[in-house]
Amino acid sequence: MGMTGYVLRRFLALVVTLFGVSVIVFLLVHLSPGDPIRIMLGEQARPEDVQRLNDIYGFDQPLAVQYVKWLGAALQGDLGDSIRSGVPVIELVGQRLPATLELAVVSLLLAVGVGIPLGVLAAVTRNSPIDLASMVIALVGVAAPNFWVGLILLSTVAANVGWIPVFGRGPGVMESLGVLVTQFDARPLWDAARHLLLPAIAIGTSIMAIITRMTRSALLEVLGLDYVRTAKAKGVRRMRVVFRHALRNAILPVVTVIGVQFGFLLGGAIVTEVVFAWPGIGRLIVDGISQRDFPVVQGSILLLGVVFVLVNLVVDLSYSFINPRIRYD
Amino acid sequence: MTDVGTNRSGNRTLRRVLRNPNVLFGGIIIGLLVLIALFAPWLTPMDPMKQDLWTRYEAPRGLWVEGAWNTEFVLGADELGRDILSRLIMGTRVSLLVGFIATSLSLVFGMLLGALAGYLGGWVDNVVMRVMDVLLALPGILLAIAIVAALGPSIVNAMVAIAIVRVPTMARVVRSEVLALREQEFVESARALGGGHLHIVFRHIISNAWAPAMVLATLGMGTAIVAEAALSFLGLGTQPPDISWGRMLSVGREVIRSSPHVTLYPGIAITVTVLGFSLLGDGLRDAFDRRLKDGA
């Protein structure tokens with residue numbers, strides 16, 4: 001089967017998966033023990049508020065009818081209004097989602113930027129103290145919960161380094177880049193970067209650790225292959241063998257791991273956002289839960305799920321560009 | 001395969017498992033933690049529940065104070081003046097128990113679903129695996145948060161949520177294992193001898209697919225313990241007065257600059273525990289992998 005068939009099949013699977021995600025998210029409200037309206041509004045709710053919510057959700061109708069109505073509205077971008085603030089959920093999520101994605105992408109870049117060189121260094125200095133140290137970092141990095149790493153960074157770095165802020169987000173990276181290009185002003189970008197630094201390290205540490213381990217083992221495997229030995233025997237310089245010949249072929253499993261881990265990053269961002277008071281979708285969900293604002297929780301989870309599924313699709317499809325040997329069956 | 005052959009290869013695998021340094025280190029860490037959890041009430045140097053306003057956020061005093069052994073506030077005190085070391089020791093119970101119960105639940109249901117899907121094939125396989133795909137379509141911690149948000153914050157609901165999140169991975173691994181086993185001669189002969197489906201699945205298939213499932217479960221213990229800590233950190237897991245490392249972290253967040261010791265030690269406890277389980281899991285996988293490669 002060719003590439004087109006593969007892409008079509010993946011899209012079909014995507015639709016089925018998204019349908020399933022929407023069912024789960026819809027059923028969340030109905031999983032709650034007791035009357036969902038009472039849970040949202042409390043026992044002392046005014047009858048008119050109860051009626052208003054009943055009109056929105058149609059809790060008195062059969063479940064299937066409720067679902068079809070809810071999905072129909074969601075497909076048109078209507079995820080309901082926040083019970084607490086009255087603001088449309090799609091608007092709230094739209095404000096918060098870029099902050100979460102920005103944090104996840106920067107964390108990933110940081111993890112790749114540190115993890116791959118560290119893995120290469122460990123592989124070429126195999127069994128040396130450097131190798132051992134990088135492996136210890138990798139082991140501990142995977143084991144330490146990212147929100148705890150965040151707390152430790154707050155207490156050690158943010159408390160002692162004046163220019164690193166303790167909480168919150170600076171201007172958006174994309175807007176800051178725009179300012180840099182159009183007005184040659186780097187200050188917004190700097191502001192964005194210093195806010196991003198600690199949360200990105202906190203979220204990226206575990207992925208960095210995984211990338212380091214993967215790079216090391218993949219590179220060691222390739223370095224033992226015949227063609228690398230041939231290159232060495234030909235007298236090609238060591239660094240050139242590693243970077244030109246070996247790393248190119250070793251990088252594929254690493255890229256696979258990076259793709260798989262992006263979802264993990266989004267998940268990690270949810271909890272870590274709370275640590276750094278990062279105004280992302282994770283905090284929106286956690287605040288929504290504590291305020292029993294179900295439309296906000298549902299809408300956020302649904303959209304985050306959609307992003308996650310789409311990212312996974314893009315990652316899968318991009319393999320074919322990196323590895324032309326891949327087969328679509 | 002005769003009984004003698006099975007025993008011999010079993011012994012060989014066991015020897016290899018025990019000689020693996022990862023299994024050794026991981027096993028020692030987990031063994032110590034289990035002992036701490038079992039004997040927690042006798043190990044705590046102070047009453048972990050005793051509050052004292054005079055010792056709020058007391059800094060760690062260490063084990064050696066003014067030329068004598070010290071057992072009071074070795075690692076300092078929390079926001080209510082309670083001894084952190086004693087609470088860490090008691091918290092071992094919650095973390096290990098939540099991890100163990102959640103992982104056991106996911107092991108049982110994951111193996112059952114994976115075995116049925118793989119063995120029966122056809123529409124059962126399709127339906128089960130599509131549902132698993134959907135559960136895997138959301139980041140694990142997000143799904144766990146969503147489930148707890150719906151069921152209400154409590155330690156039991158946190159365990160259920162973590163178990164549900166872990167089931168699909170388990171089911172997938174067991175299914176692929178079963179697909180390979182299904183075509184093997186001993187299963188075919190069991191079928192030829194008139195063995196029923198349930199008999200074959202339980203007696204022959206699940207008993208042979210346990211090795212990868214156990215590896216996954218060991219690694220999953222670490223994931224489950226971090227998930228419990230994350231949920232409790234967000235206020236969705238363990239509720240007071242139960243002691244959990246995750247809850248201890250959430251309290252410490254408020255005073256992170258003035259009293260960092262409140263967050264430092266529970267985090268170290270979680271990290272060491274997760275490290276123990278991942279070393280053990282990695283080691284077991286290496287040992288079993290080689291068994292598969294040997295064809296034993």
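### Topic: the domain arrangement of chain A
All names here are of chain A. The domain boundaries assigned to chain A delineate domain 1 (2–75) and domain 2 (97–322). Placing the centre of domain 1 and that of domain 2 at their C-alpha centroids yields a distance of 33 Å. Facing 20 residues of domain 1, the contacting portion of domain 2 comprises 13 residues. On the domain 1 side of the contact with domain 2, R10, L14 and V25 bury the most area, a combined 27% of that side's loss. Applying the counting criterion to the domain 1 and domain 2 interface returns zero salt bridges. If you look at where domain 1 meets domain 2, you find two residue pairs in polar contact (both at pLDDT 80 or more). When contributions to the side of domain 1 that touches domain 2 are tallied by element, the ones reaching two or more residues are α1 (3–31), α2 (36–41) and α4 (63–75). Of the residues belonging to the side of domain 1 that touches domain 2, the class tally is 16 nonpolar, three polar and one charged.

### Focus on the packing of aromatic side chains
Residue and element names in this part refer to chain A. This model, assessed by the stated rule, comprises eight aromatic pairs over all chains. For the ring pair W163 and W190, a centre distance of 5.3 Å and an interplane angle of 35° mean the geometry is tilted. Of this pair, W163 sits in the loop between α7 (146–160) and α8 (173–183) while W190 is found in helix α9 (residues 187–223), placing the two residues 27 residues apart along the sequence. Joined through ring pairs, the aromatic side chains of F19, F26, Y67 and W70 make up one cluster.

### Overview of the pattern of salt bridges
All told, the structure shown has 14 salt bridges over all chains when counted by the stated rule. A salt bridge links D191 of chain A to R194 of chain A, with the nearest nitrogen and oxygen atoms 3.0 Å apart. Taken as a pair, D191 of chain A and R194 of chain A lie in helix α9 at a separation of three residues, close to a single helical turn. For D191 of chain A, a relative accessible area of 22% puts it in the partly exposed group. Residues D282 of chain B and R285 of chain B are paired through a salt bridge, measuring 2.8 Å at the closest nitrogen-oxygen approach. Highlighted residues: D282 of chain B and R285 of chain B, both in helix α12 (residues 261–294), separated by three residues, approximately one helical turn. R285 of chain B sits in the partly exposed class, given a relative accessible area of 37%.

### Quick word on the environment of V149 of chain A
Residues and elements named next belong to chain A. Here V149 is to be found in helix α7. When its relative accessible area of 15% is taken as the criterion, V149 is described as buried. It is 17 Å that separates the C-alpha atoms of V149 and G168, two residues lying 19 residues apart in sequence. Excluding anything up to four places from it in sequence, V149 contacts A144, A202 and T205.

### A look at the interface of chain B and chain A
The partner chain A presents 41 residues to the 38 residues of chain B that form the contact. Of the roughly 3300 Å² buried at the junction of chain B and chain A (both faces included), carbon and sulfur atoms supply 83%. Taken as a group, L142, R253 and R257 of chain B account for 16% of the area that chain B buries against chain A, more than any other trio of residues on that side. Here chain B and chain A share one salt bridge between them. Between D282 of chain B and R213 of chain A there is a salt bridge, with the nearest N and O atoms lying 3.1 Å from each other. Linking chain B to chain A there are two residue pairs in polar contact (both at pLDDT 80 or more). At the level of secondary structure, the elements contributing two or more residues to the side of chain B that touches chain A comprise α5 (122–136), α6 (140–151), α10 (210–233), α11 (245–253) and α12 of chain B. For the side of chain B that touches chain A, the leading source of residues is α12 of chain B, giving ten residues. Of the residues belonging to the side of chain B that touches chain A, the class tally is 31 nonpolar, three polar and four charged.

Analysis parameters
- Residues numbered from 1 in each chain as written.
- Chains lettered and ligands numbered in written order.
- Predicted model: local features only at pLDDT ≥ 70, side-chain atom pairs only at ≥ 80, totals over all residues.
- Heavy atoms only, no water.
- Domains from an automatic or database assignment.
- Contact = heavy atoms within 4.5 Å.
- Buried area = accessible area lost by both parts, 1.4 Å probe.
- Salt bridge = Lys/Arg side-chain N within 4 Å of Asp/Glu carboxyl O.
- Polar contact = N/O pair within 3.5 Å; in protein donor to acceptor, adjacent residues only side chain to side chain.
- Helix = DSSP H or I, 4+ residues; strand = E, 2+ residues; numbered from the N terminus.
- Nonpolar A, V, L, I, M, F, W, Y, C, P; charged D, E, K, R; others polar.
- Phe/Tyr/Trp six-rings, centres within 6.5 Å; stacked < 30°, edge-to-face > 60°.
- Buried < 20%, exposed > 50% of the residue type's maximum accessible area, 1.4 Å probe, protein only.

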